[in-house]
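Listed below are the residues making up each chain.
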Amino acid sequence: MNLLPKSSKEFGSVDYWEKFFQQRGKKAFEWYGTYLELCGVLHKYIKPREKVLVIGCGNSELSEQLYDVGYRDIVNIDISEVVIKQMKECNATRRPQMSFLKMDMTQMEFPDASFQVVLDKGTLDAVLTDEEEKTLQQVDRMLAEVGRVLQGRETEWLFGMDEGRKQLAASAGFRRLITVALHRGQQYESMDHIQAELSARVMELAPAGMPAQQQVPFLSVGGDIGVRTVQHQDCSALSGNYVIEDVQGDDKRYFRRLIFLSNRNVVQSEARLLKDVSYKAQKKRKKDRKKQRPADMEDFPAAPGQSIDKSYLCCEHHKAMIAGLALLRNPELLLEIPLALLVVGLGGGSLPLFVHDHFPKSCIDAVEIDPSMLEVATQWFGFSQSDRMKVHIADGLDYIASLAGGGEARPCYDVIMFDVDSKDPTLGMSCPPPAFVEQSFLQNVKSILTPEGVFILNLVCRDLGLKDSVLAGLKAVFPLLYVRRIEGEVNEILFCQLHPEQKLATPELLETAQALEQTLRKPGRGWDDTYVLSDMLKTVKIV
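- The name given to the protein chain in an unreviewed UniProt entry is eEF1A lysine and N-terminal methyltransferase, with Macaca mulatta as the source organism.
- Under the heading Sequence similarities (unreviewed entry), UniProt records this for the protein chain: "Belongs to the methyltransferase superfamily."
- Under the UniProt heading Subunit (unreviewed entry), the note attached to the protein chain is "Forms a tripartite complex containing GAB1, METTL13 and SPRY2. Within the complex interacts with GAB1 and SPRY2."

Put into structure tokens, the structure is as follows:
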């Protein structure tokens, strides 16, 4: 059976491809490479949650195999009606979320920026046999295009999230922007070195018709490529590979971050370092120590617990969660009366540690499923347990269910906080895992909360339908529900209470927050002057 065309121009003919797939039948035909040959590259650059367009899909098994390993949001198009019908029949039952559409890639009907990834395995070769390059402009229109990133900052919202990239693209004022994330473990001496390495690759992505000698501007944030120092790397049985790194911010201050490499665009925990442990100071002290000690002594990293600025909360959602304490009765007295808190999700420990240090009568139970995270928090983020701070290594679901089943002996908490992420990247809700907002579990949470207490939840949900369902479920158990959206992020902080008559209008809420803050700002308490509690509650809305 001869499937080859009479001339290369036939590759651009609809009739050729209809006959090709009629003769070929359902046996897969792989152009250039199979999934097994390409999966290393595909998995490196495509995230499971991203929307993928496969142009000229043919009857390749590439999309099917991507789907089977977790890439569910895949749209396949092809100009051949024959092959689209075949692929629909093959996948309708086994892969119901994947779609196949008969469509010409040069006349696509999708809205702009519909996809984060466009995959092509030979279609451009077929379309461009007459050297027309209109298709490049069409694919370009599909991409959500953004700018270049500095080393150590690719995890920030502006660079790491779709919404941030769109904002960056709009502010830069260019028609086409390319983001380049600088690889971990590779050294970059200067912007000149980066530009020399990237220039040829950038021109490969230039729009059709651009002169070969056209100067392409390289944009950067700040005057250099940034500083990122990896302090520690390890692997957790539950969380996978992770890294602890120190990153220099815009104000030249250094921040310590915990990154799970399975989701490297998200900072799991962050803390500001004290000024005297800056990167240069660490290098100088290491150099001095080497001069003063025997050559065979081990060089430990300069990462003592006291290097962390414990008075400073890096995460905006943590600041909002702390501000939620203003919803308690008589918040101006919280420093003088016992305060029982349950925090589920330890991470670097900055949230429970902040409460412990600023509310001297507080007693905190922190629950963390991963024992490795307790080691990380203790060794790298200045966390420590005390008679008022206990960490329980357990699944938060099981721990709360056990407390709720304790009958009259069960404890009651004034504040319950959830800051726990999902390990499943395919879900539209990355925080908390769905089981934490199921009705039966929320009833357990309700049973261990004091009547006038507050349940505070960090919600990260991009699926609007799912979010509405979560809010409705919460309101069914906690009739009084406030929502505070974190500006520039996907996070929303939910403040849940049991009695609607406790409702505070915005002016009253700001007044209670100011009263609490006045108490916290008293001399000797180490309060961060940039943290204004009432600012965290100005945009709160009641659901």
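On we go from here.
## Let's talk about the overall build of the protein chain
- Of the regular secondary structure elements, the protein chain holds 17 helices and 17 strands.
- Sorting the 543 residues of the protein chain into buried and exposed places 46% on the buried side.
- Counting only contacts in the protein chain whose residues sit at least 6 apart along the sequence, the fraction spanning at least 24 positions is 66%.
- Taken as a whole, the protein chain presents about 27200 Å² of accessible surface, with 52% of it coming from carbon and sulfur.

## Quick look at the sheet that holds strand β6 (residues 240-248)
- Across the sheet, four strands lie side by side as β5-β6-β7-β8; this open sheet has antiparallel pairing. Looking along the sheet, the strands with just one partner apiece sit at the ends: β5 (228-236) and β8 (267-272). Taking the axes of each pair of neighbouring strands and ignoring which way they run, one obtains an average angle of 15 degrees across the sheet.
- As judged from the five bridges shared by strand β7 (residues 254-260) and β8, these two strands associate in the antiparallel manner. Residue pairing across strands places arginine 257 opposite glutamate 270, the latter belonging to β8.

## Description of the pairing of strand β1 (residues 52-55)
- Along β1, one buried face is formed by Val52 and Val54 and the opposite face, lined by Leu53 and Ile55, is buried too.
- Note: β1 against strand β4 (residues 117-120), four bridges, orientation parallel. Bridged to leucine 53 within β4 is valine 118.
- By the bridge criterion, four bridges tie β1 to strand β2 (residues 74-78) in an arrangement that is parallel. Directly across from isoleucine 55, in β2, lies its bridge partner isoleucine 77.

## Notes on the packing of aromatic side chains
- Per the stated rule, a full pass over the model turns up 15 aromatic pairs.
- With 5.2 Å between their ring centres and 65 degrees between their planes, tryptophan 17 and phenylalanine 20 make a pair best called edge-to-face. On the criterion of helical spacing, the pair formed by tryptophan 17 and phenylalanine 20 is a turn pair, its members being three residues apart in helix α1 (residues 14-24).
- Geometrically, the ring pair formed by phenylalanine 418 and phenylalanine 455 is edge-to-face, given 4.9 Å between the ring centres and 80 degrees between the ring planes. Of this pair, phenylalanine 418 sits in strand β12 (residues 413-418) while phenylalanine 455 is found in strand β14 (residues 449-461), placing the two residues 37 residues apart along the sequence.

## Some details on the nonpolar core
- Core analysis: the largest hydrophobic core is formed by 48 residues, its most contacted members being Phe359, Val415, Met417, Phe495, Tyr531, Leu533 and Leu537.
- The element best represented in this core is helix α17 (residues 506-520), accounting for five residues.
- With residues up to four places along the chain from it excluded, the contact list for methionine 417 reads Met321, Leu325, Leu341, Leu342, Val343, Val344, Leu351 and Ile456.

## Let's talk about empty space enclosed by the protein
- Summed over all chains, the structure comprises one cavity of 30 Å³ or more.
- Size it by volume and the largest cavity reaches roughly 90 Å³.
- Together, Glu270, Ala271, Ile308, Asp309, Lys310, Tyr312, Leu313, Gly348, Ser350, Leu353, Phe354 and Phe381 line the largest cavity.
- Of all elements in the fold, only β8 and α12 (350-358) reach the threshold of two or more residues within the lining of the largest cavity.

## Here's the deal with the sheet that holds strand β3 (residues 99-102)
- Here four strands make up an open sheet; going across it, the order is β3-β2-β1-β4 and the pairing parallel. In this open sheet, the two edge strands, each paired with only one partner strand, are β3 and β4. Here the strands of the sheet are splayed against their neighbours by 20 degrees on average, with no regard to which way each runs.
- With four bridges connecting them, β2 and β3 associate as parallel partners. Of the residues in β3, the one forming a bridge with valine 75 is serine 99.

## Concerning the environment of serine 80
- The residue serine 80 is located in the loop between β2 and α4 (81-91) in this model.
- Classification of serine 80 by relative accessible area gives buried; the value is 0%.
- As for serine 80 and valine 14, which are separated by 66 residues in sequence, their C-alpha atoms are 6.5 Å apart.
- Beyond its immediate sequence surroundings of up to four residues, serine 80 is in contact with Trp17, Glu18 and Phe21.

## Some thoughts on the packing of helix α15 (residues 439-447) against helix α16 (residues 464-477)
- At their nearest, the axes of α15 and α16 sit 10 Å apart, and the two run at 40 degrees to each other. Considering the angle they form, α15 stands oblique to α16. Considering the relative orientation of α15 and α16, their crossing is right-handed. Across the interface between the two elements, Gln439, Leu442, Gln443 and Lys446 from α15 touch Gly473, Leu474, Ala476 and Val477 from α16.

Parameters and conventions
- Residues numbered from 1 in each chain as written.
- Predicted model: local features only at pLDDT ≥ 70, side-chain atom pairs only at ≥ 80, totals over all residues.
- Heavy atoms only, no water.
- UniProt positions renumbered as here; feature names shortened; annotations may be inferred.
- Helix = DSSP H or I, 4+ residues; strand = E, 2+ residues; numbered from the N terminus.
- Buried < 20%, exposed > 50% of the residue type's maximum accessible area, 1.4 Å probe, protein only.
- Contact = heavy atoms within 4.5 Å.
- Areas by Shrake-Rupley, 256 points an atom, 1.4 Å probe, with all protein chains shown as cover.
- Pairing = 2+ DSSP bridges.
- Axes fitted to C-alpha atoms, helices over the stretch in contact; angles between N-to-C directions.
- Phe/Tyr/Trp six-rings, centres within 6.5 Å; stacked < 30°, edge-to-face > 60°.
- Core = buried A, V, L, I, M, F, W, Y, C linked by side-chain atoms within 4.5 Å.
- 1 Å grid on protein atoms, 1.4 Å probe; cavity = no way out; pocket = protein on both sides within 12 Å on 5 of 7 lines; lining within 4 Å.
- Points joined across faces, edges and corners; volume = space filled by probe spheres on them.
- Parallel < 35°, antiparallel > 145°, perpendicular 65-115°, else oblique.
- Left-handed = near helix turned anticlockwise from the far one by under 90°.

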